[in-house]
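Read off the chains here:
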Amino acid sequence: MAPELRFTTFEEIDEIYSTLNKTFRSGKTKPIAFRKVQILQLAYLLQDNLERFKEALAIDLGRPALEASFLELDSTISDCKVAYDRVDKWARTEKAPFNIKFAAFRPVIRKEPKGVVLSISPFNYPIWLSLGPIIGAIAAGNCVVLKPSELCPAISGLIAELIPKYLDNDVIRVVLGAVPETSKLMEYPWGHVLYTGSGRVGKIIGVAAAKTLSPISLELGGKSPVVIDARCDFKIAARRIMWGKCANAGQTCVAPDYVLVPRSSEDAFVKALKDAHDEFYPSGATTTPDLSRIINLEHFHRLKNLLDSTSGTIAFGGQTDESRKFIAPTVVKGVKDGDSLMSECVYICLLDELFGPILPIMPVDDVDEAIAYINAHDHPLALYCFSSDAAFKNKVFDNTQSGSAVANDVMVHCATDGLPFGGIGPSGSGYHTRGFTFDMFTHLRASLDSPGWIDNILGARFPPYTSGKIASLKRLGVKLPPRPSMSANGHGLVERRRNSKWLLLVVSLAAVSIGYTRAADVGEWARWLKGLIQIKV
């Protein structure tokens, strides 16, 4: 049974905010060595307590041990190692791109922490989405307040217990609570706020952040579609889609939400899904230990009501058990637009996505109809396409918008090193994971150092303004390419400029460099160079 959380009092929240601000102003978090110690300590927090975390995930979500390790624990420890190895490079001051006009200023971009930042994490991945952002925030040199979800009390309580034992309590603090405590936190100005959860609550968080002008990133989810090419390998597609829908009982923000399949292939694809289901759960879904549970009864009843209201046909699954908060993996075929399983606002508490192990199959006539359906709804956090045809994949990706575009697999992009994780429009804003989390919590501070002698060049900027100064500054301006010719359909046809001027200059310099140094030759070359600017192109 999950332990009861002791929520943080408002007075304690005031003290936490004050303490972390004092710590940040002291400069304690800025040395890279300090950041690396905290990152490594966070990794050991997880490694030393793996079994306790697995037990807590089983209590809150009924999470199988393999999923606990593969989906959260291993990846979070890996993220710690990546940050530990790369933070020196991430935090290094960067030189601005070279520009002859500004090189004398020695322009650089300083990577500086934003200050005291807030991360509000969800229940569905209560370790990776709680501790993952902390890794990047620490690496960037910030102080951090973590508000984990009250819906997973075993995990949230364990995190609140362990963080003070492993990490600097003046730098990282945990606030436990629900709506009142979150509302209290949002009264403060923050260096940055990361909220992960539903779009409904995301709007509330966004409004609250706007009142204090706190910058914010939102990871909200949405109904992530799967587009099936009739020529793809149905067995591979079905296994991967079923895994993505069943992992964590479908409570994943990038889980495949529904499938758009050619009408003529619907039955064949549903059979492939059934074969994958039977392979995964040979003794049956109701008795397997390899399926998680729905987080609470409210979400259980929400999903059951959606399933009971569908006009589609349950191809397989559909079993529910309220006492265990269990819903079997369920495929519903023949689903149409407007069905309860496809609606985004049927209930006030409804998340944009189904957020459960129910997979609607919507038959379409062709890929154009699939694209049109996707574009008629909110941009999803992920869009999946199964096809071996590059043209098919490009057509789907080039004509839609989504947080990510993944071909021939599901969900694995979140853990792929080097890729950002984030939505677009209603599915969220901003990017995180690994280096992108560092960037999210980092202020890019422009800096330069202007030498005294530069006024010999830019002295014309100072009053009094004269025609001579205007002409002098005009010479520092840019020269545009030739004006484009316009075609009948309005597309610009840019004329290609010939580079004869520069070609002649290069040839001339090369000729001089290899020994054509007779006075007459040099004189001729000098006269030519002097008139170079008169050459017409």
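Quick notes on the rules
Residues numbered from 1 in each chain as written. Predicted model: local features only at pLDDT ≥ 70, side-chain atom pairs only at ≥ 80, totals over all residues. Heavy atoms only, no water. Helix = DSSP H or I, 4+ residues; strand = E, 2+ residues; numbered from the N terminus. Contact = heavy atoms within 4.5 Å. Areas by Shrake-Rupley, 256 points an atom, 1.4 Å probe, with all protein chains shown as cover. pLDDT = per-residue confidence, 0-100. Patch = residues over 30% accessible without salt bridge, like charges linked within 9 Å, V, L, I, M, F, W, Y side chains within 5 Å. Salt bridge = Lys/Arg side-chain N within 4 Å of Asp/Glu carboxyl O. Pairing = 2+ DSSP bridges. Core = buried A, V, L, I, M, F, W, Y, C linked by side-chain atoms within 4.5 Å. Buried < 20%, exposed > 50% of the residue type's maximum accessible area, 1.4 Å probe, protein only. Phe/Tyr/Trp six-rings, centres within 6.5 Å; stacked < 30°, edge-to-face > 60°.

Our next topic: the overall build of the protein. The secondary structure content of the protein amounts to 18 helices and 20 strands. Residue pairs at least 24 apart in sequence account for 73% of intrachain contacts in the protein once pairs closer than 6 positions are excluded. Surface exposure of the protein reaches about 26200 Å², of which carbon and sulfur atoms provide 57%.

Taken as a whole, the protein shows an average pLDDT of 91; of its residues, 88% reach a score of 70 or greater. Of the regions scoring below 50 in pLDDT, residues 345-351 engages in 16 contacts with residues more than four places distant in sequence or in other chains. Under a pLDDT of 50 for its full length, residues 516-520 has, in the predicted model, 5 contacts with residues more than four places off or in other chains.

On the surface, a cluster of nonpolar side chains totalling about 360 Å² of accessible area is made up of Trp453, Ile457, Leu473 and Leu476. Tracing the backbone through its elements, the reader meets Leu476 in the loop between α16 (467-474) and β19 (485-486).

Let's shift gears to the sheet that holds strand β18 (residues 442-447). Strand order in the open sheet formed by 3 strands is β1-β2-β18, and the pairing between neighbours is antiparallel. The sheet terminates laterally at β1 (94-95) and β18, the two strands that pair on one side only. Pairing analysis gives 2 bridges linking β1 to strand β2 (residues 108-113), with the strands arranged antiparallel. Paired with Glu94 across the two strands is Ile109, which belongs to β2.

Before going further, it helps to spend a moment on the nonpolar core. Counting 116 residues, the largest nonpolar core has Phe53, Leu131, Ile163, Ile228, Ile241 and Leu273 as its most contacted members. When residues of this core are assigned to their parent elements, the largest contribution, 9 residues, is made by helix α4 (residues 65-90). Excluding anything up to four places from it in sequence, Ile228 contacts Phe234, Ala237, Ile241, Val259, Leu260, Val261, Pro262, Phe269, Phe386 and Phe392. Counting residues in each nonpolar core, the second largest holds 27 residues, with Ile358, Met362, Val367 and Ala370 among its members.

Applying the stated rule across the entire model yields 11 aromatic pairs. Look at Phe123 and Phe355: their rings are 5.8 Å apart centre to centre, the planes differ by 85°, and that puts the pair in the edge-to-face class. One end of the pair, Phe123, is in the loop between β3 (116-120) and α5 (128-139); the other, Phe355, is in the loop between β13 (330-333) and β14 (358-364), and 232 residues separate them in sequence. For the pair Phe123 and Phe355, one class covers both residues: buried. Ring plane angle 85° and centroid distance 5.3 Å describe the contact between Phe234 and Phe269, whose orientation is recorded as edge-to-face. Placement of Phe234 in helix α9 (residues 234-246) and of Phe269 in helix α10 (residues 266-280) is noted, with a sequence separation of 35 residues between them. Look at Phe234 and you get buried, because its relative accessible area is 14%.

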